[in-house]
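An overview of the molecular structure
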Amino acid sequence: MDLRGSIYRFLKFFKIGWRIYQNPKLESSHSSIYYWREQMKAMALFTTTEERQLPYRSTWHTIVNIQLFVFLTSMCYGFMESVGDHVEMGRDFAFILGAFFIVFKVFYFHWYGDDLDQVINELDEFHPWAQIGPGAVDYRAGKRWYFVMAFFLASSWSFFLCVFILLLITSPMWVHQQNLPFHAAFPFQWHERSLHPIGHFIIYVYQSYFSAYALTWLLCIEGLSVCIYAEITFAIEVLCLELRHIHRFKDGLTELRMETNRLVKLHQKIVEILDRTNNVFHGTLIMQMGVNFSLVSISVLEAMEARKDPKVVVQFAILMMLALGHLSMWSFIGDMLSQESLKISDAAYDAYDPTKGSTDVYRDLCLIIRRGQEPLIMRASPFPSFNLINYSAILNQCYGILTFLLKTLD
């Protein structure tokens, strides 16, 4: 695919999302995760076996891995120059953590790309989850809400990412004693503008281009990950909707028995997909929990260290808000998934009608009620599940660290 085709493929999500937002009657033929995947394919960094068989894909993946290694290594090398300056060390370490997070995700999905692709294919195949045809439940409001949510998520993230990248690229122009977007060091002092102006220019262009590319890819994989769990939540909503309307069009016992059996299998399919999704994202969920907590801790520590310098305090306060915002988004999605799954047993109980049905129908409903007692969770063992309760516990822990530092420094 040429560059023009790749750009069209990348922007297709925004084009369709805007149309659906403007016209409530329009429906997308695919779920949002399909378009997130299309964006990653447009960037030639959706690392599956099928993609690697395309012309030059495997070569490009190798080049990206080399660039990632150079990017992270040069930043670690530059960190050695900051030893002794606590503020600079904290800033460098925060960027190194962010770069390591991207490197980890790229290599991780080199291994789990096929498993991720399988989850996406299965979710998109079952979308919109409801039985199509006469008597189908009205799922369109929920489908539209989740798609528009994904569209606004992608649009807002893209806007702030563009602003962030612009600030990074232009930072050497307005930040004193900074000659590159990221503090890095190279052999033979190639990064020094006064000694090697051509080498400095090449490094400047490399950091600008590759940071934009890597951060855009990170936005896509984060959006894809979040929307996968949102799609599972939508599947649960459709299941509850069909359970509550099971008697509207299913009057015959045979037809009712077939419907309850289908809903039992649908519930089981949702649970299986969620288990596979948690397995696919197991490593990344652990990593982002650790990275976010580390960034919050570093931000608090550095802000306290330089509390007499307002500029430094503001910088690390913004970093702390970004880390907490990222963690809060995942916690919100995980909490929404768990809370919605608890409604399954209530919906199955509402579907029970002693004047309609048979022993087999009641058995199916009891099975759904029994399975629905335990909430479905987004979790990566040994860490606790992602929800607002555990998020509040993390905030309390951060507040405890802040209080301890204030007492120690005073």
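As the structure is a computational prediction, the values presented were derived from the model and not from experiment.

1. Regarding the side chain of Asn278
Here Asn278 is to be found in helix α9 (residues 253-280). Setting aside residues up to four positions removed in sequence, Asn278 forms contacts with Tyr229, Ile377, Met378 and Arg379.

2. Brief notes about the packing of aromatic side chains
Following the criterion strictly, the structure yields 29 aromatic pairs and no others. Ring centres 5.4 Å apart and planes at 90° place the aromatic pair Phe95 and Phe182 in the edge-to-face group. Taken together, the residues span a long stretch of sequence, with Phe95 in helix α5 (residues 86-126) and Phe182 in the loop between α6 (140-174) and α7 (197-244) at a distance of 87 residues. Residue class for Phe95 comes out partly exposed when judged on its relative accessible area of 31%. An aromatic cluster is built from Trp60, Phe71, Phe95, Phe182, Tyr206, Tyr209, Phe210 and Tyr213, whose rings are joined through pairwise contacts.

3. So, a nonpolar patch on the surface
Nonpolar side chains collect at one region of the surface, where Phe159, Phe160, Val163, Leu167, Met173 and Trp174 lie side by side and expose about 710 Å² of accessible area between them. Secondary-structure assignment places Met173 in helix α6. Note on Met173: relative accessible area 66%, which makes it exposed.

4. With respect to the nonpolar core
Ranked by internal contacts, the top residues of the largest apolar core, which has 119 residues, are Leu116 and Ile228. Sorting elements by how many residues they give to this core places α7 first, with 24 residues. Aside from chain neighbours lying at most four places away, what touches Leu116 is Phe46, Phe109, Ile221, Leu224, Ile228, Val280 and Phe281. With five residues, the next largest nonpolar core counts Leu180, Ala184, Ile203 and Tyr204 among its residues.

5. Digging into unusual backbone geometry
Phi is mostly negative for residues that are not glycine, and the peptide bonds are mostly trans. The omega angle of the peptide bond from Ser381 to Pro382 is 5°, so this bond is cis rather than trans. On the secondary structure map, Pro382 appears in the loop between α13 (359-371) and α14 (388-409). Despite not being glycine, Ala44 shows a phi value in the positive range, around 60°. In this fold, Ala44 is placed in the loop between α2 (32-42) and α3 (49-52). By relative accessible area, Ala44 is classed as buried at 14%. A positive phi angle, near 70°, is found at Tyr56, a position not held by glycine. Here Tyr56 shows up in the loop between α3 and α4 (57-81).

6. Some thoughts on the pattern of salt bridges
Counted according to the given criterion, the structure contains 16 salt bridges. Arg257 is the salt-bridge partner of Asp360, the closest N and O atoms lying 3.8 Å from each other. In this pair, Asp360 sits in helix α13 while Arg257 sits in helix α9, placing the two residues 103 residues apart along the sequence. Residue classification places Asp360 among the partly exposed positions, given a relative accessible area of 32%. In this structure, Glu272 and Lys269 form a salt bridge, with 3.8 Å as the shortest nitrogen-oxygen distance. On the criterion of helical spacing, the pair formed by Glu272 and Lys269 is a turn pair, its members being three residues apart in helix α9. Glu272 sits in the partly exposed class, given a relative accessible area of 32%. Classification of Lys269 as partly exposed rests on a relative accessible area of 21%. Where salt bridges share partners, they join Glu122, Lys269, Glu272 and Arg276 into one cluster.

Quick notes on the rules
- Residues numbered from 1 in each chain as written.
- Predicted model: local features only at pLDDT ≥ 70, side-chain atom pairs only at ≥ 80, totals over all residues.
- Heavy atoms only, no water.
- Helix = DSSP H or I, 4+ residues; strand = E, 2+ residues; numbered from the N terminus.
- Contact = heavy atoms within 4.5 Å.
- Phe/Tyr/Trp six-rings, centres within 6.5 Å; stacked < 30°, edge-to-face > 60°.
- Buried < 20%, exposed > 50% of the residue type's maximum accessible area, 1.4 Å probe, protein only.
- Patch = residues over 30% accessible without salt bridge, like charges linked within 9 Å, V, L, I, M, F, W, Y side chains within 5 Å.
- Areas by Shrake-Rupley, 256 points an atom, 1.4 Å probe, with all protein chains shown as cover.
- Salt bridge = Lys/Arg side-chain N within 4 Å of Asp/Glu carboxyl O.
- Core = buried A, V, L, I, M, F, W, Y, C linked by side-chain atoms within 4.5 Å.

Everything listed here is a matter of coordinates, which is why it stays silent on function.
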